[in-house]
Structure formats: structure tokens, C-alpha cells
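Take a look at the letters that make up each chain.
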Amino acid sequence: LTYSGEFDNAVWVKADATITANATTAPDGATTADKLVESVSNSAHIVSLGGVSYTAAAHTLSVFAKAGGRSNIRLVAFDGTTAFAVYFNISAGTVGPTLGGAVGAIQSVGGGWFRCSITFTPAASVTGNIAFRLANSVPSDSYLGDGASGVYVWGAQLEVGASPTSYIPTTTAAATRAADQPRIT
């Protein structure tokens, strides 16, 4: 994904939501986490990214999230045919209902931050999109917003594989790196 930590960038489309850039301290200690803020509309409150390339293999979409007036977020990956989605309660650290055969996982990383991830397998090599949707309850991500509540987000990542790897920051282009190779002496 491009601009993995800059949800205020124009590549991220906002629908009935706004982004407050650099609103709080991210898991890496820098003040670079953004806040996804709901509008006062009675609708879905979304930030999304299109033009995402998938292959017919397991993929994992992840984002770091922290409650900011809302405790629920829904991660969605769409391959043009199937919506793969999972709800997360980022106050309780729980995984909610799933859709499309996606498998969700949540991991506390400290300071109220959780890394939320969904793993899914598209049927073919296609272009689709991903989205992060606010939710006022589970399973409801279409509701009357208050114009101030939201969720802090940072470090979005999409990768081929059945689990998330360490965060790879990006700007204008997607990035890859050699495989993580943990070692114990």
C-alpha cells in the first residue's frame, strides 16, 4: 500500500469521514498516527484505497488502531467479487463477526494500540480495494456520527502471506523487503 502511515494523503479516499493528521503518538513513538473521524451523517464512515493488486494466494491486511471515541473498526478487502471483512473491538481487544471467509486476528502492542489483521484468499489475480470503516457497534458500521469520535490509525499494510510481518513504512510506492529472519543466540 502507498502512504501507509499518511491517511490524510489524497490517495486515501474519505467517505463521510475526515482525517486529522499526526493526531497522537504512533506505536513507534513518533507523533505520526492519524485520527479517522466520523462525519455527522447517518452513513458508513470510511477511508479506502483503490487499485490494490491481488493474486490467487493468501493475503493479510493489517493496521494499527487505537480507540479515539469509537471502539470498533471494520477492516475490508474487496477483490471485485467478494468482500472479505472482520470487525474488531479495539478497547476490549476482541475479534467480531467475519464476512467472506476472512480470518481476523488482534494483537496488543501497548499504549492502547492493537494491530488488527485479516487474512483472506482472492479467487484470482485481480485489482480491488481495501477500506477501514468505523463502527458504533458490532456488526453496525452505518450510523449517525457525532463529528468528533473516531479511531486512531497508523501503519496500514497488505502483503501476500497468512499473517502480518513487521511493519514496512511506505510513501509514493509500495515496498518489499527480505523476509523477517528472527535469530536467538
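Refer to the structure printed above.
Rules used throughout
Residues numbered from 1 in each chain as written. Predicted model: local features only at pLDDT ≥ 70, side-chain atom pairs only at ≥ 80, totals over all residues. Heavy atoms only, no water. Pairing = 2+ DSSP bridges. Helix = DSSP H or I, 4+ residues; strand = E, 2+ residues; numbered from the N terminus. Axes fitted to C-alpha atoms, helices over the stretch in contact; angles between N-to-C directions. Salt bridge = Lys/Arg side-chain N within 4 Å of Asp/Glu carboxyl O. Buried < 20%, exposed > 50% of the residue type's maximum accessible area, 1.4 Å probe, protein only. Core = buried A, V, L, I, M, F, W, Y, C linked by side-chain atoms within 4.5 Å. Contact = heavy atoms within 4.5 Å. Polar contact = N/O pair within 3.5 Å; in protein donor to acceptor, adjacent residues only side chain to side chain.

A. Region of the structure containing the sheet that holds strand β6 (residues 59-68). Judged by pairing direction, the sheet is antiparallel, and its six strands sit side by side in the order β2-β3-β14-β6-β11-β10 without closing on themselves. With one partner strand each, in any of the chains shown, β2 (17-24) and β10 (103-110) form the two edges of the open sheet. The sheet shows a mean angle of 30 degrees between the axes of neighbouring strands, direction not considered. Bridge analysis of strand β3 (residues 33-38) against strand β14 (residues 150-160) gives four bridges, and the strand direction is antiparallel. Counted as the bridge partner of K35 is Y152 from β14.

B. Region of interest: the sheet that holds strand β12 (residues 126-135). On the basis of which strands lie adjacent, the open sheet formed by six strands has the order β1-β5-β12-β7-β8-β9 and antiparallel pairing. Here the strands that pair on one side only, and so sit at the sheet edges, are β1 (13-15) and β9 (94-99). In this sheet, neighbouring strand axes are inclined to one another by 20 degrees on average, regardless of whether the strands run parallel or antiparallel. Both β1 and strand β5 (residues 46-54) contribute to a ladder of three bridges, which runs antiparallel. Across the sheet, residue V13 finds its bridge partner in β5, namely S48.

C. Quick peek at the pattern of salt bridges. Within this structure, the stated rule accounts for three salt bridges. Ionic pairing is found between E38 and R70, a salt bridge with its closest N-O pair at 2.8 Å. Linking E38 in strand β3 with R70 in the loop between β6 and β7 (72-78), this pair joins segments that are 32 residues apart in sequence. Overall, the relative accessible area of 2% leaves E38 in the buried class. With its nearest N and O atoms 2.8 Å apart, the salt bridge here joins R133 to D141. Through salt bridges with shared partners, one network takes in R74, R133 and D141.

D. The arrangement of unusual backbone geometry in detail. Omega for the peptide link from V138 to P139 comes to 5 degrees, which places this bond in the cis form. Considering the arrangement of structural elements, one finds P139 in the loop between β12 and β13 (142-144). The phi dihedral of Y3 is positive, around 50 degrees, even though this residue is not glycine. With respect to the helices, strands and loops of the structure, Y3 is situated in the segment before β1.

E. Molecular detail of the nonpolar core. Ranked by internal contacts, the top residues of the largest apolar core, which has 34 residues, are L1, W12, L61, L75, I130 and F132. Where this core is concerned, the elements lending two or more residues are β2, β5, β6, β7, β8 (83-89), β11 (113-120), β12 and β14. Here L1 is in contact with W12, L49, V52, L61, I130, A156, Q157, L158, T170 and A174, once residues within four sequence places are set aside. Ranked by size, the runner-up nonpolar core spans seven residues in total, among them A26, F64, Y152 and Y167.

F. The arrangement of the side chain of R70 in detail. A residue is classified by how much of its surface remains accessible, and R70, at 17% relative accessible area, is buried. Only 2.8 Å separates the side chain of R70 from the side chain of E38, close enough to count as a polar contact.

G. Expanded view of the environment of A33. You can see A33 is positioned in strand β3. Overall, A33 belongs to the buried group, its relative accessible area being 0%. With 43 residues separating them along the chain, A33 and V76 place their C-alpha atoms 20 Å apart. Beyond its immediate sequence surroundings of up to four residues, A33 is in contact with A21, N22, A23, T24, T25, A26, W113, V153 and W154.

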